[in-house]
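Given next are the chains, with one letter for each unit.
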Amino acid sequence: MVKKYADKGLVVVGPSLDAEAGVQKFKEKHSIEEYALLSDARKSATAYGVKAYPTMFLVGKDGKVAWKGHFEDEALIKAIETALAAK
């Protein structure tokens, strides 16, 4: 998904509740280079009302949440394409 939509403006950030050392270890273990992983994101999780993990948010160009759900939800692709098409 990251590679497919990057040239259209999609930016992916992976917040984690784990400390920096744990996030770095996870990133290296899974060879994650396509997007940023953030550590200690508990305040962000609380602000967005995250109740379960993993939870994914699509934030539109206007800064508002355009979609919330699980990354395997088929509605996510439609939401991404709609958000990227918005002017």
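Our subject is the structure that appears above.
The structure presented is a predicted model; accordingly, all values stated were derived computationally and were not measured.

Undergrad: What should I look at first to understand the nonpolar core in this one?
TA: Side chains of a nonpolar character, in soluble globular proteins, are inclined to be buried together. Of all hydrophobic cores here, the largest spans nine residues; its members are Tyr5, Leu10, Leu58, Trp67, Leu76, Ala79, Ile80, Ala83 and Leu84. Setting aside its immediate chain neighbours within four residues, Leu58 contacts Leu10, Lys64, Val65, Ala66, Trp67, Ala79, Ile80 and Ala83.

Undergrad: Would you mind going over unusual backbone geometry with me for this structure?
TA: If a residue is not glycine, its phi is most likely negative; likewise, a peptide bond is most likely trans. Despite not being glycine, Ser31 has its phi angle at roughly 50°, a positive value. In this structure, Ser31 sits in the loop between helix H2 (20–29) and strand S2 (36–38). Within the chain, Asp40 stands out as a residue other than glycine whose phi angle is a positive 50°. As for its placement among the helices and strands, Asp40 is situated in the loop between S2 and helix H3 (42–47).

Undergrad: Can you help me understand helix H4 (residues 75–85) in this one?
TA: The α-helix advances 3.6 residues per turn, and as a result positions three or four apart in sequence lie on the same side. Buried residues of H4: Leu76, Ala79, Ile80, Ala83 and Leu84, and no others. An end-on view of H4 places all buried positions within 125° of arc, on one side of the element. H4 presents Lys78 and Ala85 as exposed residues on the side facing more than 90 degrees away from its buried surface. Buried-residue contacts for H4 involve helix H1 (2–5), strand S3 (56–59) and strand S4 (65–69).

Rules used in this analysis
- Residues numbered from 1 in each chain as written.
- Predicted model: local features only at pLDDT ≥ 70, side-chain atom pairs only at ≥ 80, totals over all residues.
- Heavy atoms only, no water.
- Core = buried A, V, L, I, M, F, W, Y, C linked by side-chain atoms within 4.5 Å.
- Buried < 20%, exposed > 50% of the residue type's maximum accessible area, 1.4 Å probe, protein only.
- Contact = heavy atoms within 4.5 Å.
- Helix = DSSP H or I, 4+ residues; strand = E, 2+ residues; numbered from the N terminus.
- Arc of directions from axis to C-beta.

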